Amino acid sequence: MLKPEAMQKNLTFLLHIHPKKVPRASIRYTYTFGLGGLTVLLILLQIFTGILLKFVYLPSPAKAYDSILFLQNHILFGQYVRNIHHLDGELLIVLALLHMLRVFFTEAFHPPIRSGNWILGICMFLLIMFSNFTGYLMPWDQLSYWAVTVVTNMFSYIPLIGPHITVFIRGGADVTGNTLMNFFNFHTAIIPLTLLILMIFHFWKVRKAGGVAPPRTRQEEEKGLVPVMPDLIVKEVAVGLIALAVVFILAIFLDAPLRERANPAFSPNPVKAPWYFIGIQEMLMHFHPFVGAIVIPLFLLGFLFYLPWLHYPQNNAGFWFSSLKGRQAAIISGIIAFILTPLLIVADEYLIHFNRWFPSLPSILSEGLFPVLLYGFLFYLYLLYLRKKYRPNVNETVQAVFAFFLITYTVLSLTGLFFRGPGMILMWPWQI
Amino acid sequence: MSKKISHSKINPPPEKEEHAPKITTDTSRRSFFRKIWGWVALAAGIELAGLSIPFIGSGRKKQTKEKSGNFTAIAQVWDIPEGSVLPYRSGRLYICHLKDGGFLAVSIKCTHLGCSVEWDEKKKEFLCPCHHSMFSLNGEVINPPATRALNIYPLKIEEGVIKVNLENPIQRKHYNKSQETYA
């Protein structure tokens, strides 16, 4: 048996991730919701189940599909472990996104101490997306084959180098065994290794910044420091165990999808991207592919990366939506986006036909520039309204505009998921 | 006194080492080697990158087959009624018999993002299931998001037999009459 002091010593070594004492207010569950910690837990679970799957899976077009069938039909818990891995991957996107939203909406991104972690966070989020997407190809069924065909084709709209990038990613002109090999290597070695390194870097920077940005509180009983053991650790273990149990139970009922074997000659109808990319797919319905798949996503990504260095008059870290006014502006922005986006989608489907009105113009203008100008004009009107009604400072404007884009992307995704039937025609969910 | 001097020689105070001009003008052996190591590290980096490039880009080599330039016999002219198509799935193309009697071997791959287009016999058009692009019988875009006409393959007709070169898809912006082959 270890003596208490020795145990304490081991514990402090294991707890390099936390200080010995933390502010009481910052461990309130409804402030962080434990989202960062849950993301870590799910990544560890993903590594565990991923290694198990690697004992059975064979990464070649001739064998991949059969090895999945073998896994599901002849290995005890084979289907179950695959379900966990699949569900866990999707939950990771959700949790990492929610974690980023919590950090954003409490303004925990200000330079110099927290901006680096904001950037690291975006990089890790992209890695998680990329990991999900590369994993999507592994079963080599109709779903994975066509989703990967469509998404890798998007790169070919980058001017000049685009087609070469597509060939490079695929290892050839089409999605083949070379693509599967490339994706397998990224999915099982390059991404997880990079992710682990960035995670360690991320935690270290959280410690350097003095833990999570503590919420602003006026209540006396929330002030002061508490020992991390047991106050925080027990909470973390409890939340982690509950989350594990939820994932394990859900995985019993939610089977990971497996369609027919991949057939390069037949696309299923409709082909839908995985749900986390379906908002981009919906944008492709309305914009020239160079604009919808390259310009707009890169522009938004640039906005995310640059966000900590906009000239903020105040550092309101720890206060939701920067201020009460910021919260109102964000809610109104969300509502505007929620109404405007469906209207525009329907209008573009039935009323606006730039390509028919200007048949002689190249499609990059009629399908690219014109819709962007139209949308830009409406967005400018929204900004004018925002300024007139709330007179927000930069902090509040950024919160509101971010909420606007978030809701817009959510509506686009929901439209793609539930309102597009065969041939990608707009229809009600119950008609599909 | 002498002790003090020797001490500072062996172990100079840290501020002095950080003094920028001193490092740049220092021509001592140590700074020379420091530079050498820098260059060696750079060389090592380039070596490692150079090693990986052939591996990362190995896909195309694994795939290259000798291009034979052969034409494959697919169908006979009278198999396909005018204004209709014959799908040839294993070659991922359609043989289209246009209204004016000409033939085209049109690729199955939508030029938007690469899904396979389906022929709608009632509407007489190709429809892409991914993003609802539509193409006419000759492969021309009727409805975006696709931005250019479907690819075609070299096609020739010998004694009523339609033959297609499956290895060389031809990209085209638009359809024009010179692309057709007549029986």
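Predicted, not measured: the structure shown is a model, and the values here were computed from it.

J.: Which parts of the structure should I look at to understand the overall build of chain B?
T.: The secondary structure content of chain B amounts to 5 helices and 12 strands. The buried share of chain B, reckoned over its 183 residues, is 28%. Pairs at least 24 apart in sequence give 43% of the contacts found in chain B among residues at least 6 apart.

J.: I tried to follow the nonpolar core on my own but got confused; where do I start?
T.: Soluble, globular proteins show a tendency: their nonpolar side chains are buried together. By size, the foremost hydrophobic cluster in this structure holds 103 residues, and its most contacted members are A:V150, B:I95, B:C96 and B:A105. For this core, the element with the most residues is helix α17 (residues 394–418) of chain A, which contributes 9 residues. With sequence-adjacent residues up to four places away left out, B:A105 is seen in contact with B:L93, B:I95, B:I152, B:Y153, B:L155 and B:V164. Residues A:L53, A:V81, A:L87 and A:A251 belong to the second largest nonpolar core, which totals 5 residues.

J.: How should the environment of A:L44 be read in this particular structure?
T.: Residues and elements named next belong to chain A. Tracing the backbone shows L44 in helix α3 (residues 35–54). Among the residues examined, L44 registers 13 C-beta atoms within 10 Å and is labelled partly exposed. Residues L44 and L196, 152 residues apart in the sequence, show an inter-C-alpha distance of 9.7 Å.

J.: How should the interface of chain B and chain A be read in this particular structure?
T.: How big an interface is tends to be stated in terms of the accessible area lost upon association of its parts. The partner chain A presents 30 residues to the 21 residues of chain B that form the contact. The greatest single-element share of the side of chain B that touches chain A, amounting to 4 residues, is contributed by helix α5 (residues 59–63) of chain B. Looking at the side of chain B that touches chain A residue by residue, the classes come out as 8 nonpolar, 9 polar and 4 charged.

J.: Is there a simple way to think about the domain arrangement of chain A in this case?
T.: Residue and element names in this part refer to chain A. Structurally, chain A comprises domain 1 (14–268) and domain 2 (279–432). Computed over C-alpha atoms, the centres of domain 1 and domain 2 are 26 Å apart. Each partner contributes residues to the interface: domain 1 has 19 residues there, and domain 2 has 21 residues. Elements with a contribution of two residues or more to the side of domain 1 that touches domain 2: α5 (78–105) and α6 (115–137). Of all the elements, α6 adds the most residues to the side of domain 1 that touches domain 2, at 4 residues. Among the residues making up the side of domain 1 that touches domain 2, the classes are represented as 14 nonpolar, 3 polar and 2 charged.

J.: Looking at this structure, how should I read the sheet that holds strand β7 (residues 134–135) of chain B?
T.: One key point about sheets: their strands pair by backbone hydrogen bonds, in either a parallel or an antiparallel sense. All names here are of chain B. Ordered in space as β5-β6-β7-β8, the 4 strands form an open sheet in which the pairing is antiparallel. The outermost strands of the open sheet, each flanked by one partner alone, are β5 (118–120) and β8 (141–143). Bridge count for β5 against strand β6 (residues 125–127) is 3 bridges, and the pairing is antiparallel. Counted as the bridge partner of D120 is E125 from β6.

J.: Sorry, what's going on with α6(A) here?
T.: Note: α-helices contain 3.6 residues per turn, so residues at a spacing of three or four share the same orientation. The terminal C-alpha atoms of α6(A) lie 34 Å apart, and with 23 residues this matches the ideal 33 Å at 1.5 Å per residue to within 8%. Among the structural elements, α5, α7 (142–154) and α9 (177–208) of chain A are those in contact with the buried residues of α6(A).

J.: Would you mind going over the packing of α5(A) against α6(A) with me for this structure?
T.: Relative placement of two packed helices is described by the angle separating their axes and the distance separating the axes. All names here are of chain A. Here α5 crosses α6 at 165 degrees, and the two axes come no closer than 10 Å. Taken together, the axes of α5 and α6 are roughly antiparallel relative to one another. Relative to α6, the crossing made by α5 is left-handed. For the pair α5 and α6, contact is made by G89, L92, I93, A96, M100 and V103 and by W118, G121, F125, I128, M129, N132 and G135, respectively. Taken together, the residues that form the contact of α5 with α6 break down as 9 nonpolar, 4 polar and no charged.

Conventions and cut-offs
Residues numbered from 1 in each chain as written. Chains lettered and ligands numbered in written order. Predicted model: local features only at pLDDT ≥ 70, side-chain atom pairs only at ≥ 80, totals over all residues. Helix = DSSP H or I, 4+ residues; strand = E, 2+ residues; numbered from the N terminus. Buried ≥ 20, exposed ≤ 12 C-beta atoms within 10 Å, placed from the backbone. Contact = placed C-beta atoms within 7 Å. Core = buried A, V, L, I, M, F, W, Y, C linked by C-beta atoms within 7 Å. Nonpolar A, V, L, I, M, F, W, Y, C, P; charged D, E, K, R; others polar. Domains from an automatic or database assignment. Pairing = 2+ DSSP bridges. Expected span 1.5 Å × (residues − 1). Axes fitted to C-alpha atoms, helices over the stretch in contact; angles between N-to-C directions. Parallel < 35°, antiparallel > 145°, perpendicular 65-115°, else oblique. Left-handed = near helix turned anticlockwise from the far one by under 90°.

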